[in-house]
Amino acid sequence: MIRYLSGIKKYRFLLQQMVSRDFKVRYKKSVLGMFWSLLNPLLTMAVQYMVFSQVFRSVDNFVLYLLSGTIVFNFFSEAAGQALGAIVNNASLVKKVYMPKYIYPVTKVLSSGINFLISMVPLVIVALVTGEAVTAAYLVLPYAMVCVMLFSIGWGMLLSALMVFFRDVQFLWGVFSMLWMYMTPLFYPENILSEQYAWIMDVNPMCRYVKFFREVVIGGSVPSPELFLECFLFAAVAVLIGGAVFRRTQDRFIFHI
């Protein structure tokens, strides 16, 4: 971990330039440009609201419930999906330019992180419009955002390394991420599962991050110390596993890209 941090510090200028490039390229030739960062979570929430609002009417402030969960999960799904091809899609740079290879997936996650930050604007607006108070508890949201980003970096390094050797990973990830989405209570209440399947919530890290956001924006309260710890532990484990796989395989990337 210290090695990664020192590398990021050493190459921070290059990292900043690559993040800026990825973010600008994403909206190149788009009429609305960066406005899509605000519009996308709202459109996704609107579609899900129309489909599920009558089914789950018992959920308090269903609009904000949907939006908060959607923003968190969409960031993770997008960040990991972008990082997946970070090495393969930058094969020419990997072969010709020397810098730590983990910079490539980290760049993809951080560029998606800009969208994540921008999406906080519609979240606050919807909270105010639906009658929720913006309390001092919002000050702890950056902690959860950093944890989700670290969790995504861990998955990004793992997926980008696997993608070098197994191109099928890109297709498997599409199916797996969709399954993961349905296993996370984004549009249905957390208590909908019977005790027999309650363990799904316990082993699903995204449930923790979504719950953290909802307790702040809907409950207006600071989450419990246990939830703080769980969010950190899931992020740390993801970075350690993803980093370990990436480090053990990176010397062989050059032979497979």
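Residues numbered from 1 in each chain as written. Predicted model: local features only at pLDDT ≥ 70, side-chain atom pairs only at ≥ 80, totals over all residues. Heavy atoms only, no water.

(A) Region of interest: the nonpolar core. Within the largest apolar cluster, 72 residues are counted, with the highest numbers of intra-cluster contacts made by Phe76, Phe116, Phe151, Trp155, Tyr209 and Phe213. Elements that contribute at least two residues to this core include exactly α4 (62-84), α6 (103-118), α7 (120-129), α8 (141-165), α9 (169-182), α11 (205-217) and α12 (225-249). The dominant element in this core, judged by the number of residues it contributes, is α8, at 15 residues. Among all residues touching phenylalanine 76, those that are not within four sequence positions of it are Phe151, Ser152, Trp155, Trp173, Trp180 and Met206. (Core = buried A, V, L, I, M, F, W, Y, C linked by side-chain atoms within 4.5 Å. Buried < 20%, exposed > 50% of the residue type's maximum accessible area, 1.4 Å probe, protein only. Helix = DSSP H or I, 4+ residues; strand = E, 2+ residues; numbered from the N terminus. Contact = heavy atoms within 4.5 Å.)

(B) Region of the structure containing the packing of α4 against α7. Here α4 crosses α7 at 165°, and the two axes come no closer than 10 Å. In terms of orientation, α4 lies roughly antiparallel with respect to α7. Both α4 and α7 take part in a crossing whose hand is left-handed. In this structure, α4 contributes Val63, Leu64, Leu67, Ser68 and Ile71 to the contact, and α7 contributes Met120, Pro122, Leu123, Val126 and Ala127. (Axes fitted to C-alpha atoms, helices over the stretch in contact; angles between N-to-C directions. Parallel < 35°, antiparallel > 145°, perpendicular 65-115°, else oblique. Left-handed = near helix turned anticlockwise from the far one by under 90°.)

(C) View of a nonpolar patch on the surface. A cluster of nonpolar side chains, Ile192, Leu193, Tyr197, Trp199 and Val203, forms an exposed patch at the surface whose accessible area comes to about 480 Å². If you trace the backbone, isoleucine 192 turns up in the loop between α9 and α10 (199-203). Classification of isoleucine 192 by relative accessible area gives partly exposed; the value is 43%. (Patch = residues over 30% accessible without salt bridge, like charges linked within 9 Å, V, L, I, M, F, W, Y side chains within 5 Å. Areas by Shrake-Rupley, 256 points an atom, 1.4 Å probe, with all protein chains shown as cover. Salt bridge = Lys/Arg side-chain N within 4 Å of Asp/Glu carboxyl O.)

(D) Representation of the pattern of salt bridges. Scanning all chains against the criterion turns up one salt bridge. Ionic pairing is found between glutamate 230 and arginine 208, a salt bridge with its closest N-O pair at 2.8 Å. With a gap of 22 residues between them, glutamate 230 in helix α12 and arginine 208 in helix α11 connect regions that are remote in the sequence. Relative accessible area serves as the criterion here: at 29%, glutamate 230 is assigned to the partly exposed category.

(E) A look at the environment of alanine 79. One can find alanine 79 in helix α4. Once the C-alpha coordinates of alanine 79 and threonine 107 are considered, the two residues, 28 residues apart in sequence, prove to be 9.6 Å apart.

(F) Broad picture of the packing of aromatic side chains. Per the counting criterion, the structure on display carries 23 aromatic pairs. Measuring from ring centre to ring centre gives 4.4 Å for phenylalanine 75 and phenylalanine 116, while their planes differ by 5°; the resulting arrangement is stacked. Of this pair, phenylalanine 75 sits in helix α4 while phenylalanine 116 sits in helix α6; the two residues are 41 residues apart in sequence, bridging distant segments of the chain. Per residue, the accessibility class of phenylalanine 75 equals that of phenylalanine 116, and both read buried. Judged by centre distance (5.7 Å) and plane angle (40°), the ring pair of tryptophan 155 and tryptophan 173 falls under tilted. Taken as a pair, tryptophan 155 in helix α8 and tryptophan 173 in helix α9 lie far apart in primary sequence, 18 residues in all. Across the pair, exposure class does not vary: tryptophan 155 and tryptophan 173 are buried alike. Through a chain of ring-to-ring contacts, the aromatic side chains of Phe73, Phe76, Phe151, Trp155, Trp173, Phe176, Trp180 and Tyr209 assemble into a single cluster. Its end group placed over the ring of tyrosine 65, arginine 214 keeps NZ or CZ at 3.5 Å from the ring centre. (Phe/Tyr/Trp six-rings, centres within 6.5 Å; stacked < 30°, edge-to-face > 60°. Lys NZ or Arg CZ within 6 Å of the ring centre and 35° of its normal.)

Any link to function would need more than the numbers given here.
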